[in-house]
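The lines below spell out each chain.
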Amino acid sequence: MTVLGIETSCDETAAAIVRRDPFGNGTLLSSIIRSQFKDHEAYGGVVPEIAARAHVQVVDKIVEAALNEAQLDFGDLDGVAATAGPGLIGGVLVGLVTAKAIALVHDIPLAAVNHLEGHALTVGLTEGLRPPYLLLLVSGGHTEFLKVGGAFQYEKLGGTIDDALGEAFDKVAKMLGLGFPGGPAVERTAASGDPYRFDLPRPLAGRTRPDFSFSGLKTAVRQVALTHAPVSRQVAADLCASFQKAAGDVVRDRLRAAMTIYEASGLARRLVVAGGVASNRALRTALLKECEASEYTFHAPPSGLCTDNAAMIAWAGANRIAAGLVDGLDVAARARWPISEVSVPVETVKELSAAE
Ligand code: KG4
Ligand code: ZN
C-alpha cells in the first residue's frame, strides 16, 4: 500500500510517500520538508496567518516534489493522509483540504491523522517497532507520557501543567537572543558551556504523578540572565548547558514516575521518545541512562524524523487505512485534539499489533 502524507499543522509544509507491506513493515519513498523559518524569524515565533498563507502558496509544489522524488504518479497512490490537528487551524485546513481533493479526484481512501499519533508511531516506520510501549512525547506544544497499550491505544499517564518542554527551550533561546527556532540554538550554545555553573530548579522532582512543570525553571533562567546582563557568550553557553542539564534531570526523574505506573500493566519494558525535542542529544542521553538503569529498551526516531515531517503522517495514515480506519470527506480540522481521542476500541481494529 502506497500512501501520500501531508503535514501543515505548524511552520513546515511537508509531503512524503511511504509504502507499507502486508506484514506491517514500512519503507520511506520520499520526504520533502519546506520550513517557513525565514517567514517567521523577524517575529521571534510562528505567526498563524503568515503560516497559513505560506502553506497555501507551496503545498501543491511540495506534493508534486514528493511524487517526483518517489518516481510515482497520483495514479500509483492507494491512500492519502493529512494532519487534521492539533495545530494552527489555518495551516491544518490547507493540508487537509488538499488531501480531501486528492482523495476525491483519484478515488482513494483518506486518513485524517492526529499529528501526535504521527510522532507516536514513527518508530514503526524507522525500526519496525510496534506497540506496546511507554511513550514520551516532547514537542513545541506537548509534553506528556502515554501508555501505548496496543495498535491505536493511547492512554495519557501525565503531562505538563504549564509550558511544554519545546516551548521552554524556545523561550530560553529568545531571552538570550539566540534566535528561532530555539531548541537547536540552545543545544548548539550549550555545547561549549558548563552544565554545573548555575544551580537551577528541578520542578516536581520526586512526585508520584508523572507530570511536568517548566515555568519555574524558565523563570530561574531569566533571573540568572538578568543578574548577568549584558550576558556574555560564556554565560549564555553555561546557562544553556545548565538549563539543558536541569531539563534532562527533570525528564529522567519524571520518567521514573511514569515507569512505575506503566509497569503496573505488565507491558513490555520499552520507552519511545518522539517529537521535536527528542532530537536533543543531552535529553536522549538522560533518557537512555534511565532506561539502562530500569531495564527498558530505548527507542527514538532519527533526529530528522523527530521534528515535524510528513513521513510520520503518511505512515500513521497507512496504518489506519490498513486497519480499515478511513475518514469521510466531511472530516473536520481541529485546533485541539488530544491523542487519547483517537484511541480505537480493540475489537474494531482489524489488525492488532500483537497478532500481525
Ligand atoms: O514536533 P515539533 O517539530 O513541532 C511541534 O509539533 O511542536 O517540535 C518543535 C519543538 C520546538 O519547540 C523546538 O525548539 C524543539 O522542538 N526542538 C528542540 C530541538 N530541535 C527542535 N529542542 C531541543 N533541542 C533540539 N535539538
Ligand atoms: Zn510535532
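Quantities reported herein were computed from a predicted structural model and do not represent experimental measurements.

Another point: the site of ligand 1. Surrounding ligand 1, one finds 18 residues, the nearest of these being G140, D170, G183, E187 and D308. One of the backbone N or O atoms of G166 is found 3.1 Å from an oxygen atom in ligand 1. In the environment of ligand 1, a nitrogen atom lies 2.7 Å from a nitrogen or oxygen atom belonging to the side chain of E187. Protein coverage of the free-state accessible area of ligand 1, which is 550 Å², stands at 88%. Within the residue set of the shell around ligand 1, elements represented by two or more residues are α4 (115–127), α5 (165–175) and α6 (182–190). Looking at side-chain class alone, the shell around ligand 1 contains three nonpolar, 12 polar and three charged residues.

Read from one edge of the open sheet, five strands run β3-β2-β1-β4-β5, paired in mixed fashion. In this open sheet, the two strands that pair with only one neighbour each are β3 (26–35) and β5 (110–114). Averaged over all pairs of adjacent strands, the angle between their axes in this sheet comes to 20°, without regard to strand direction. Bridge count between strand β4 (residues 79–85) and β5: five bridges; the pairing is parallel. Looking at β5, one finds that T83 is bridged to V113. Of the strands in this sheet, β1 (2–7), β2 (12–20), β3, β4 and β5 touch α4, which is tilted by about 100° from β5. Strand contacts of helix α10 (residues 311–322): β1, β2, β3, β4 and β5, with the helix running at about 45° to β2, the strand carrying the most contacts.

Here we come to the side chain of R284. Looking at where R284 falls in the secondary structure, it is placed in helix α9 (residues 281–293). One buried charged residue, R284, forms no salt bridge at all, with the nearest opposite charge on E127 at 7.6 Å. Those residues in contact with R284 that sit more than four places away from it in its chain are A278, S279, F298, A300, P301, P302, S303 and C306.

Our next topic: the UniProt feature "binding site: substrate" (unreviewed entry) in the protein. The positions UniProt marks with the feature "binding site: substrate" (unreviewed entry) are L137, V138, S139, G140, G141, D170, G183, E187 and N280. With relative accessibility at 0%, the residue L137 sits in the buried group. For L137, the residues in contact, after removing those within four places along its chain, are L116, H119, H142, T143, E144, L146 and A274. With respect to the helices and strands, D170 occurs in helix α5.

The next subject is the UniProt feature "domain: Gcp-like" (unreviewed entry) in the protein. Mapped onto this numbering, the UniProt entry gives "domain: Gcp-like" (unreviewed entry) at residues 28–315. Secondary structure content for residues 28–315 is 49% helix and 17% strand, while the C-alpha to C-alpha distance between its ends is 9 Å.

Our focus in this paragraph is the sheet that holds strand β8 (residues 153–159). Strand order in the open sheet made by the five strands is β8-β7-β6-β9-β10, with mixed pairing throughout. Strand pairing shows two members of the sheet lacking a second neighbour, β8 and β10 (297–299), which therefore form its edges. This sheet shows a mean twist of 25° between the axes of neighbouring strands, independent of strand direction. Of the pairings in the sheet, the one linking strand β9 (residues 270–274) to β10 comprises three bridges and is parallel in character. Bridge assignment links L271 to a residue of β10, and that residue is F298. Sheet strands touched by helix α8 (residues 233–263): β6 (133–138), β7 (143–150), β8 and β9. Its angle to β6, the strand with the most contacts, is close to 145°. α9 contacts β6, β9 and β10 of the sheet and is inclined by roughly 160° relative to β10.

Let us now look at the pattern of salt bridges. For side chains bearing opposite charge, pairing can occur when the charged atoms are close. Considering all chains together, one arrives at 19 salt bridges under this definition. The partner of D163 in a salt bridge is K218, and the shortest N-O contact between them spans 2.7 Å. Here K218 lies in helix α7 (residues 215–227) and D163 lies in the loop between β8 and α5, a separation of 55 residues in the sequence. Across the pair, exposure class does not vary: D163 and K218 are buried alike. For the salt bridge of E290 with R256, the shortest nitrogen-to-oxygen distance reads 2.7 Å. Here E290 is found in helix α9, whereas its partner R256 is found in helix α8, with 34 residues between them in sequence. Note on E290: relative accessible area 2%, which makes it buried.

Cut-offs and rules
- Residues numbered from 1 in each chain as written.
- Chains lettered and ligands numbered in written order.
- Predicted model: local features only at pLDDT ≥ 70, side-chain atom pairs only at ≥ 80, totals over all residues.
- Heavy atoms only, no water.
- Near = heavy atom within 4 Å.
- Polar contact = N/O pair within 3.5 Å; in protein donor to acceptor, adjacent residues only side chain to side chain.
- Areas by Shrake-Rupley, 256 points an atom, 1.4 Å probe, with all protein chains shown as cover.
- Helix = DSSP H or I, 4+ residues; strand = E, 2+ residues; numbered from the N terminus.
- Nonpolar A, V, L, I, M, F, W, Y, C, P; charged D, E, K, R; others polar.
- Pairing = 2+ DSSP bridges.
- Axes fitted to C-alpha atoms, helices over the stretch in contact; angles between N-to-C directions.
- Contact = heavy atoms within 4.5 Å.
- Buried < 20%, exposed > 50% of the residue type's maximum accessible area, 1.4 Å probe, protein only.
- Lys, Arg positive; Asp, Glu negative; His and termini not counted.
- Salt bridge = Lys/Arg side-chain N within 4 Å of Asp/Glu carboxyl O.
- UniProt positions renumbered as here; feature names shortened; annotations may be inferred.

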